[in-house]
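# Coordinate inspection notes
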Amino acid sequence: MTKLTLGSYPHMLGFEQLERLLERTAKSSEGYPPFNIEQRSEGAYRITLAVAGFSEGDLSITVEDRQLVIRGRQRDDGAERIFLHRGIAARQFQRSFVLADGVEVGEACMENGLLHVDLTMSRPETVVQTIKIRKG
C-alpha cells in the first residue's frame, strides 16, 4: 500500500513541515492531564488544564518551534512523610499544542486547580503581489 503524502499533490508546494507537524502531534497523545480548548471570541482561545496539586512554581510554559509546551513537575517530598496509602502520585507531565502562524500566547493564570492559557489569533492582511516577466 502506498502512503499518500502532501508531496504527492503537485499543487501543494512547501507543505512538508505541516506534514511533519501532523505526524509529531499524532505521536503525542497521552491523556494526562486532561484539558479543554474553548473559543472565547472570534480569534481568541483558552486552553485549560486540570493541574490539581501543582503550584505555579511546579509548572513551566514555553513556546518552542511554533509549539506551546506546558510542563509540570512536582517536588516529591515523600521521603519525609509516611504514607499509609498513596493514591495521589507526584507525576510529571508535558503537553504540547501546535500553533498556527499568527497565534500568539497571552497570559496564563491558575484558578482552583486549573491552569488557563489564553491565545489570540491575528488575521494576516491579504497580500496581492504582481510578478514582472522579463525577457530571457
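Keep in mind that this is a model prediction, so the values were computed, not measured.

Each value, and the rule that gives it
- Residues numbered from 1 in each chain as written.
- Predicted model: local features only at pLDDT ≥ 70, side-chain atom pairs only at ≥ 80, totals over all residues.
- Heavy atoms only, no water.
- Phe/Tyr/Trp six-rings, centres within 6.5 Å; stacked < 30°, edge-to-face > 60°.
- Helix = DSSP H or I, 4+ residues; strand = E, 2+ residues; numbered from the N terminus.
- Buried < 20%, exposed > 50% of the residue type's maximum accessible area, 1.4 Å probe, protein only.
- Lys NZ or Arg CZ within 6 Å of the ring centre and 35° of its normal.

Here we come to the packing of aromatic side chains. Scanning all chains against the criterion turns up three aromatic pairs. Plain terms: the ring middles of Tyr32 and Phe93 are 6.1 Å apart, the flat faces sit at 85° to each other, and that makes the pair edge-to-face. On the criterion of sequence distance, the pair formed by Tyr32 in the loop between helix H1 (16–27) and strand E1 (35–41) and Phe93 in strand E5 (residues 93–98) is long-range, its members being 61 residues apart. Owing to a relative accessible area of 6%, Phe93 belongs among the buried residues under this scheme. Their ring planes at 85° and their centres at 5.3 Å tell us that Phe54 and Phe93 sit as a pair that is edge-to-face. In this pair, Phe54 sits in the loop between strand E2 (44–50) and strand E3 (59–64) while Phe93 sits in strand E5, placing the two residues 39 residues apart along the sequence. By way of ring pairs, the aromatic residues Tyr32, Phe54 and Phe93 are connected into one cluster. Its guanidinium or amino end placed over the ring of Phe83, Arg86 lies 4.6 Å from that ring's centre, counting from NZ or CZ. Between the NZ or CZ atom of Arg91 and the centre of the ring of Tyr32, over which it lies, the distance is 4.1 Å.

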